[in-house]
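# Observations on chain architecture
Spelled out from the first residue to the last, the chains are:
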Protein chains: 2
Amino acid sequence: MPPVYSPDALAPMDVAGRLPRLLERLDGAGCDALLVTKMENVRYLSGFTGSAGMLLVSPDGSLLVTDGRYRDQAAEQLAAAGAAGIELEVDSATAQPDALASVAARHARLGLEATSVTWSLQQRFASLFERSELVATRGLVERLRAVKDAGEIDRIEAACDVADVAIAQVKGMLAEGCTESQFAAELEAEMRRRGSSGASFETIVASGPNGAKPHARPTDRVVGAGELVVVDFGATVDGYRSDMTRTLCVGAPAGELARLVDAVYAAQRAGVRAVTDGVTGGEVDAACRGSLADAGYGEAFLHSTGHGVGLEIHELPAVAKDSADILGAGTVVTVEPGAYVAGIGGARIEDTVLVGTSGCRPLTKSTKDYTL
Amino acid sequence: MPPVYSPDALAPMDVAGRLPRLLERLDGAGCDALLVTKMENVRYLSGFTGSAGMLLVSPDGSLLVTDGRYRDQAAEQLAAAGAAGIELEVDSATAQPDALASVAARHARLGLEATSVTWSLQQRFASLFERSELVATRGLVERLRAVKDAGEIDRIEAACDVADVAIAQVKGMLAEGCTESQFAAELEAEMRRRGSSGASFETIVASGPNGAKPHARPTDRVVGAGELVVVDFGATVDGYRSDMTRTLCVGAPAGELARLVDAVYAAQRAGVRAVTDGVTGGEVDAACRGSLADAGYGEAFLHSTGHGVGLEIHELPAVAKDSADILGAGTVVTVEPGAYVAGIGGARIEDTVLVGTSGCRPLTKSTKDYTL
């Protein structure tokens, strides 16, 4: 069972081109420098994949500070990314704010990432940089990250391919009386064997009445015939994630369940058809929501239609009710309507799709047929 | 290959007793109510295991707000935990702060969790609760969490047992020419089969020169004979985590490596011997650091000695240089010195231990013999 993709065949990512694009936007955001504290953003801009550190970005040079665990790794990754003008300093976590102060103090307006920096760290910086104004920025790097380059798309698609192959490989288990937990375990193991570095989020396997909870954790419940089984899972390739949900059934869905899953399938098709360059997240959400309402399941759709996917499992753009986020060409989003009926069960169908200049291309490609 | 533990045999946790203990501490922290935004803390206090939500804690009643995905799950988990006086409200994420405002406005001094709440959310609450003073609290719930009850210890030990059994099962693979990634994949798969709900953090398998990076990600490098292989991994049982590192070798360690791994082993024993009720994290760190310095590897120890483990993989108390945190009876910490030599390799040995009234009891029990 070989990996589904070859790491060497993935297109290169343009890491070095990102910092200049961010620098162009600083003045418009009201700051002269930006302290990047969200690790996915640090990774995006510098290539450094460690779990802790901070990146100060400024037009006259940038500084990555991290701790001793990452001394060699950070130096190698900065060099490999070719991100020019990023210096490296290694300090303990408690000493890092002071290390940044000497560089940051040169700037009158220092941006912080308000939606991820903690209040505590903001207070610390406010006392350290008393001659600078701290500016609350929102989504500066996240908006750059929303539009993927060819290398990023390759990685997300490889993660989708891994998930497609893994579920095809293991789904027969469901007919053999396995539990939700056993199925989740084998699905994740198969993804690892096929090249995933880890599940892209906590795998959901929810059978029968458990399926009425959109985010149920796998239990020791044995999957029975005629039930719907919601399987929501993903792989990770070089930090990039996939996200897919399929609703499966051992035998034929009992009672109302066939109508339920068909309604969700129709809503998901309506959502995918609505995705194209320039549409808003709210419009795609409305397509799914309207389809489910027409089928009598409007009240049963308990969550948003989708979200961007990349280095984070939930990122921009938002595909939610009234979302004004634009789904531009090169963004990657999920379309995942569902319907949930307490005591009966639930269904959700989800693809990760790449938005194109005309329509979109699904990156997850598994059959939506619920039969095993 | 059955699960290593029986969920039914785990001691119950005293979830209901936690909120009263927190309420006793509010006034001392300078607040009348506390808005809990860190999800591990929400889980600890209420039993709710969802990925999003907020819990407002106050003497005259508490309120959990979460979104529609968790409507039924939250109601069931609150009831199961028996946490009296927690009401539930379901709202979209954007509407949740408003939902809290009507309750929070009754309190003059509203505590926020400064080390986890984002600056953006603090700003939002500052405008919503303009008649209340926002108080920056630090570690209020985390300090309660540091001391584990019998049910929590059972879960952490079950996660340790899973890890012990899994590595014993798969370590022979290393002698068969597998890659770091393949070994990580099979180790994680075996933990899932044995009852883990997922890796407790990103598994590290670092062989040969890669081992000189304390936090290396597994690569496609084939493990060779005579090299040290650092394997740092853990399981999760009912949200509680384990953390263990073993350094293994195919055949005998080449050159300096035998001396390196022996020095780390001696330092780890010194650290475990230093752990007892009332010792500080700094004293345990000094025991490991001194042992490695005596062996000539003082400069090669690039990180802290350890950390608390529980619902989070890194929590209180800190076992680090100069840490004044007390390791009280009932706390659970790691002891994990390491030595790293660029171009040569590295070694780390780590146990998760339960601090007792006299000494400590290792919860991870795998052999520290590096031979397979």
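About the criteria used
- Residues numbered from 1 in each chain as written.
- Chains lettered and ligands numbered in written order.
- Predicted model: local features only at pLDDT ≥ 70, side-chain atom pairs only at ≥ 80, totals over all residues.
- Heavy atoms only, no water.
- Helix = DSSP H or I, 4+ residues; strand = E, 2+ residues; numbered from the N terminus.
- Buried < 20%, exposed > 50% of the residue type's maximum accessible area, 1.4 Å probe, protein only.
- Contact = heavy atoms within 4.5 Å.
- Areas by Shrake-Rupley, 256 points an atom, 1.4 Å probe, with all protein chains shown as cover.
- Buried area = accessible area lost by both parts, 1.4 Å probe.
- Salt bridge = Lys/Arg side-chain N within 4 Å of Asp/Glu carboxyl O.
- Polar contact = N/O pair within 3.5 Å; in protein donor to acceptor, adjacent residues only side chain to side chain.
- Domains from an automatic or database assignment.
- Nonpolar A, V, L, I, M, F, W, Y, C, P; charged D, E, K, R; others polar.
- Pairing = 2+ DSSP bridges.
- Phe/Tyr/Trp six-rings, centres within 6.5 Å; stacked < 30°, edge-to-face > 60°.
- Lys NZ or Arg CZ within 6 Å of the ring centre and 35° of its normal.

Of the regular secondary structure elements, chain A holds ten helices and 20 strands. In terms of its C-alpha atoms, chain A occupies a principal-axis envelope of roughly 70 × 40 × 40 Å. When each of the 372 residues of chain A is scored for burial, the buried share is 60%. Once local pairs closer than 6 in sequence are excluded, the contacts in chain A between residues at least 24 apart make up 69%. Of the roughly 13200 Å² of accessible surface on chain A, 52% is carried by carbon and sulfur atoms.

Take the interface of chain B and chain A next. Contacts between the two partners involve 43 residues from chain B, matched on the other side by 44 residues from chain A. When the two sides are added together, the surface that chain B and chain A hide from each other amounts to roughly 3600 Å², 50% of it contributed by carbon and sulfur. A per-residue breakdown of the area chain B buries against chain A is headed by B:Arg69, B:Trp119 and B:Arg192, which together make up 23% of the total. Counting across the chain B and chain A interface gives six salt bridges. A:Glu186 is the partner of B:Arg193 in a salt bridge, and the nearest nitrogen-oxygen pair spans 3.1 Å. There are 20 residue pairs in polar contact (both at pLDDT 80 or more) connecting chain B and chain A.

Residues and elements named next belong to chain B. Using the criterion set out here, one finds 60 salt bridges over all chains in the structure. Here Lys 38 makes a salt bridge to Glu 142, at a shortest N to O gap of 3.2 Å. Of this pair, Lys 38 sits in the loop between strand E1 (33–36) and helix H2 (39–46) while Glu 142 sits in helix H6 (residues 140–146), and the two are 104 residues apart along the sequence. Note on accessibility: Lys 38 and Glu 142 belong to one class, buried. Among the ionic pairs, Arg 43 bridges to Asp 238, the shortest N-O distance being 3.6 Å. In this pair, Arg 43 sits in helix H2 while Asp 238 sits in the loop between strand E9 (236–237) and strand E10 (240–241), placing the two residues 195 residues apart along the sequence.

Glancing now at the domain arrangement of chain A. Residue and element names in this part refer to chain A. Assigned domains of chain A: these are domain 1 (9–146) and domain 2 (150–362). Computed over C-alpha atoms, the centres of domain 1 and domain 2 are 33 Å apart. Residue-level contacts link 14 residues of domain 1 with 17 residues of domain 2. The largest per-residue losses of area from domain 1 upon contact with domain 2 belong to Leu 10, Met 13 and Ala 146, which jointly make up 40% of the total buried on that side. The tally of links from domain 1 across to domain 2 stands at five salt bridges. The salt bridge involving Lys 38 is made with Glu 312; its shortest N-O contact spans 3.1 Å. On the surface where domain 1 and domain 2 come into contact, there are six residue pairs in polar contact (both at pLDDT 80 or more). Of all elements in the fold, only helix H2 (39–46) and helix H6 (140–146) reach the threshold of two or more residues within the side of domain 1 that touches domain 2. The greatest single-element share of the side of domain 1 that touches domain 2, amounting to four residues, is contributed by H6. Taken together, the residues of the side of domain 1 that touches domain 2 break down into seven nonpolar, no polar and seven charged.

Residues and elements named next belong to chain A. Alternating residues of strand E2 (residues 54–57) divide into Met 54 and Leu 56 and Leu 55 and Val 57, and every residue in both groups is buried. As defined by bridge partners, strand E1 (residues 33–36) adjoins E2 across three bridges and the pair is classed as antiparallel. Within E2, the residue paired with Val 36 across the bridge is Leu 55. Hairpin connection from E2 to strand E3 (residues 62–66): four residues lie between these consecutive antiparallel strands, with Gly 61 at a positive phi of about 120 degrees.

Turning to unusual backbone geometry, a few remarks are in order. Residues and elements named next belong to chain A. Note the cis peptide between Leu 316 and Pro 317, where omega equals 0 degrees. Within the secondary structure layout, Pro 317 lies in strand E14 (residues 315–319). The phi dihedral of Asp 238 is positive, around 50 degrees, even though this residue is not glycine. On the accessibility criterion, Asp 238 (38% relative accessible area) is partly exposed. Of note, the phi angle at Asp 322 is positive, near 65 degrees, even though the residue is not glycine. The residue Asp 322 is located in the loop between E14 and strand E15 (326–327) in this model.

What follows concerns the packing of aromatic side chains. All told, the structure shown has four aromatic pairs over all chains when counted by the stated rule. A ring pair is formed by B:Phe48 and B:Tyr70, whose centres lie 5.5 Å apart and whose planes are at 80 degrees; its orientation type is edge-to-face. Pair noted here: B:Phe48 is in the loop between H2 and strand E2 (54–57) and B:Tyr70 is in the loop between strand E3 (62–66) and helix H3 (71–81), with a separation of 22 residues, a long-range link. With 5.4 Å between their ring centres and 10 degrees between their planes, B:Phe125 and B:Phe129 make a pair best called stacked. Judged on exposure class, the residue B:Phe125 and its partner B:Phe129 are both buried. In this structure, A:Arg18 is placed above the aromatic ring of A:Tyr44, and the distance from its NZ or CZ to the ring centre is 4.0 Å.

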